[in-house]
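Single-letter residue listing:
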Amino acid sequence: MLWVLWLCALCYLVLLLSRHSSSRGLFLSVVILIYLLVGELHLIDMVTWHKIRGSQMVVAMKAISLAFDLDRGTVGSLPSPAEFLGYVLFVGTVVFGPWISFSTYQNAIEGTKLSWLWLRSSSLSLLKSQICLLVSTCVAPYLFPLLIPIYGSTVTQKWLHAYENAVSFHFSNYFVGHLSEGTSMLAGAGFTEEKDNIRWDMRVVKPLSVEMPRSMVLVVTSWNIPMSRWLKTYAFKNAVKLGTFPAILVTYTASALLHGLSFHLGAVLLSLSFITYVEHVLRKKLASIFSACILSRACTSDCSHQHKKEYWVMLLNLVFSFLAIFHLTYLGSMFDPGVDEQEVEEGYAAIHTIQRWSELNWASHWVVFACWVFYRLIQ
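Residues numbered from 1 in each chain as written. Predicted model: local features only at pLDDT ≥ 70, side-chain atom pairs only at ≥ 80, totals over all residues. Heavy atoms only, no water.

(A) Region of interest: the overall build of the protein chain. Scanning the protein chain for helices and strands turns up 17 helices and two strands. Computed over C-alpha atoms, the radius of gyration of the protein chain comes to 22 Å, within 12% of the 21 Å expected from 2.2 N^0.38 for 379 residues, which places it in the range of a compact globule. Considering only C-alpha atoms, the protein chain reaches an extent of 60 × 55 × 45 Å along its principal axes. In the protein chain, which comprises 379 residues, the share counted as buried stands at 46%. (Helix = DSSP H or I, 4+ residues; strand = E, 2+ residues; numbered from the N terminus. Rg over C-alpha atoms; globule rule 2.2 N^0.38 Å. Buried < 20%, exposed > 50% of the residue type's maximum accessible area, 1.4 Å probe, protein only.)

The following block contains the structure:
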């Protein structure tokens, strides 16, 4: 925990020294990146670093967002040291997350009247987290053929095992997501107020949007909603002047660096950047050609497309949904709950990722490449 406190002190010192600058967000981002890289590579053993990585990431995200908000005038002035530490070490988010903005934190400490709705919403999120933990550890690893009697060839068995690994990993993420919802709301954050109506409606994950996805674009936004919002606000929007695809690469690179120097996470996030971009541009082009509601995101009821709910439109969207499940299975295949515990604590080695994807013949990457070639042909 000492390293987390050092990071907090460093962030505030940088903000204090650069309080007259208009580029505090960019400068602090570089300083935090150097701190994280030096710490991971030279100062702390790998096992200890992985244990504190989550808290480090939450603190870094909060400090960077505050710096950019100061640059943009969203936050009027630099908070006092006590206010800053209260924000980055907020008891409801410092361990499991999620990221919350400085204004959300201020609303939480100003306090609102607690009610049965507050208790019910918090308890429901905590209950969901325990159910997801149960599924991740006791159900998902035994889907085939114990729970679902599906057998097949060697190739089929590889993909079924990959799907088990992916689902187990997905539900471990839902466990943390719902747990962070519960702890945040218990600490007083995560409510919206409309007139006199207060709703405790914090959402960190949307499991159904991941397990039954419309598109990979919606998967990445539903995986961790606050982090997706953070990346869009402070990474993508600042890099979009470079172009859409470069901005996407910058966004996923920022996410990878915040997660630490992990080859398997970096490989997954880099792959996701190509998958989501190709899917987005391909579906946008097809929607234009056929004038159909087949975009990555569902169209509004008053969209200009001629074909909305015809059977072939729903079928095409279903094809893209199965394609998204295929990509998720492939990307999640490396998160094997049966590997050595020491390897998990230290982070998966590069050879583990390469071996898992080689066993699946790099299928997802080839499919993305084929989709990109098809998009270029019809452009």
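There's plenty left to go through after this.
(B) Main features of a nonpolar patch on the surface. Where nonpolar side chains cluster on the molecular surface, the patch consists of Phe-263, Ile-351, Ile-354, Trp-362, Trp-366, Phe-369, Trp-372, Val-373 and Leu-377 and spans about 950 Å² of accessible area. Breaking the nonpolar patch down by element, the ones donating at least two residues are helix H16 (350-359) and helix H17 (363-378). Residue contributions to the nonpolar patch peak at five residues, all from H17. Within the element layout of this structure, Leu-377 appears in helix H17. In this structure Leu-377 comes out as exposed when scored by relative accessible area, which is 68%. (Patch = residues over 30% accessible without salt bridge, like charges linked within 9 Å, V, L, I, M, F, W, Y side chains within 5 Å. Areas by Shrake-Rupley, 256 points an atom, 1.4 Å probe, with all protein chains shown as cover. Salt bridge = Lys/Arg side-chain N within 4 Å of Asp/Glu carboxyl O.)

(C) Region of interest: the packing of aromatic side chains. The tally for this structure, following the rule as stated, stands at 21 aromatic pairs. Arranged with centres 5.1 Å apart and planes meeting at 55°, the rings of Phe-191 and Trp-200 form a pair that is tilted. Comparing Phe-191 with Trp-200, the two get one shared label, buried. With a centroid separation of 4.7 Å and an interplanar angle of 50°, the aromatic rings of Phe-245 and Tyr-277 are classed as tilted. With a gap of 32 residues between them, Phe-245 in helix H12 (residues 244-258) and Tyr-277 in helix H13 (residues 263-290) connect regions that are remote in the sequence. According to the relative accessible area criterion, Tyr-277 is partly exposed, its value standing at 21%. The ring of Tyr-87 has Lys-62 lying over it, and the distance from NZ or CZ to the ring centre is 5.4 Å. (Phe/Tyr/Trp six-rings, centres within 6.5 Å; stacked < 30°, edge-to-face > 60°. Lys NZ or Arg CZ within 6 Å of the ring centre and 35° of its normal.)

(D) Structural detail: the packing of helix H3 (residues 46-72) against helix H11 (residues 225-239). Their axes nearest at 11 Å, the elements H3 and H11 cross at an angle of 45°. Our classification of the angle between H3 and H11 gives oblique. As for how H3 packs across H11, the hand of that crossing is left-handed. Contact residues: H3 offers Met-57, Met-61, Ile-64, Ser-65, Phe-68, Asp-69 and Arg-72, while H11 offers Met-227, Trp-230, Thr-233, Tyr-234 and Asn-238. (Axes fitted to C-alpha atoms, helices over the stretch in contact; angles between N-to-C directions. Parallel < 35°, antiparallel > 145°, perpendicular 65-115°, else oblique. Left-handed = near helix turned anticlockwise from the far one by under 90°. Contact = heavy atoms within 4.5 Å.)

(E) Layout of H17. Compared with an ideal rise of 1.5 Å per residue, which puts 16 residues at 22 Å, H17 spans 23 Å between its outermost C-alpha atoms and is within 8% of the ideal. Burial in H17 covers these residues: Ala-363, Ser-364, Val-368, Cys-371 and Tyr-375. The buried residues of H17 occupy one face: seen down the axis, they fall within an arc of 135°. The exposed set on the far side of H17, more than 90 degrees from its buried face, consists of Trp-366 and Leu-377. Buried-residue contacts for H17 involve helix H8 (154-186), H13 and helix H14 (311-332). (Expected span 1.5 Å × (residues − 1). Arc of directions from axis to C-beta.)

(F) Examining the environment of Ser-121 more closely. Considering the arrangement of structural elements, one finds Ser-121 in helix H6 (residues 116-139). Since its relative accessible area comes to 13%, Ser-121 is described here as buried. Along the chain, Ser-121 and Glu-181 lie 60 residues apart, while their C-alpha atoms are 9.0 Å from each other. What Ser-121 contacts, discounting residues up to four positions off in sequence, is Met-185 and Trp-200.

(G) Molecular detail of a positive patch on the surface. Where like charges cluster on the molecular surface, the positive patch consists of Arg-72, Lys-232, Lys-237 and Arg-297. Along the chain, Arg-297 turns up in the loop between H13 and H14. Since its relative accessible area comes to 45%, Arg-297 is described here as partly exposed. (Lys, Arg positive; Asp, Glu negative; His and termini not counted. Charge placed at Lys NZ, Arg CZ, Asp CG, Glu CD.)

(H) Spotlight on the pairing of strand S1 (residues 191-194). Note that S1 and strand S2 (residues 197-200) share four bridges and pair antiparallel. Directly across from Glu-193, in S2, lies its bridge partner Ile-198. Here S1 folds back onto S2 in antiparallel fashion, the turn holding two residues, of which Lys-195 has a positive phi close to 60°. (Pairing = 2+ DSSP bridges.)

(I) Layout of the side chain of Thr-251. Take Thr-251: it is sitting in helix H12. Taking the relative accessible area as the measure of exposure, Thr-251 reaches 11% and is therefore buried. For Thr-251, the side chain forms a polar contact with the main-chain oxygen of Ala-247, separated by 2.8 Å. (Polar contact = N/O pair within 3.5 Å; in protein donor to acceptor, adjacent residues only side chain to side chain.)

(J) Focus on empty space enclosed by the protein. This model, assessed by the stated rule, comprises three cavities of 30 Å³ or more. Of the voids in this model, the largest cavity is the one considered here, and its volume is about 80 Å³. The wall of the largest cavity is formed by Met-216, Ile-275, Val-278, Glu-279, Leu-282, Phe-320, Leu-323, His-327, Val-368 and Cys-371. It is H13 that provides the largest number of residues to the lining of the largest cavity, a total of four residues. Volume-wise, the second largest cavity comes out at about 50 Å³. Lining of the second largest cavity is provided by Leu-36, Glu-40, Trp-49, Arg-53, Gln-56, Met-57, Leu-257, Leu-258, His-259 and Gly-260. Looking at the lining of the second largest cavity, the elements with two or more residues in it are helix H2 (24-43), H3 and H12. Here the lining of the second largest cavity gets four residues from one element, more than from any other, and that element is H3. For the lining of the second largest cavity, a count of residues per class yields five nonpolar, three polar and two charged. (1 Å grid on protein atoms, 1.4 Å probe; cavity = no way out; pocket = protein on both sides within 12 Å on 5 of 7 lines; lining within 4 Å. Points joined across faces, edges and corners; volume = space filled by probe spheres on them. Nonpolar A, V, L, I, M, F, W, Y, C, P; charged D, E, K, R; others polar.)

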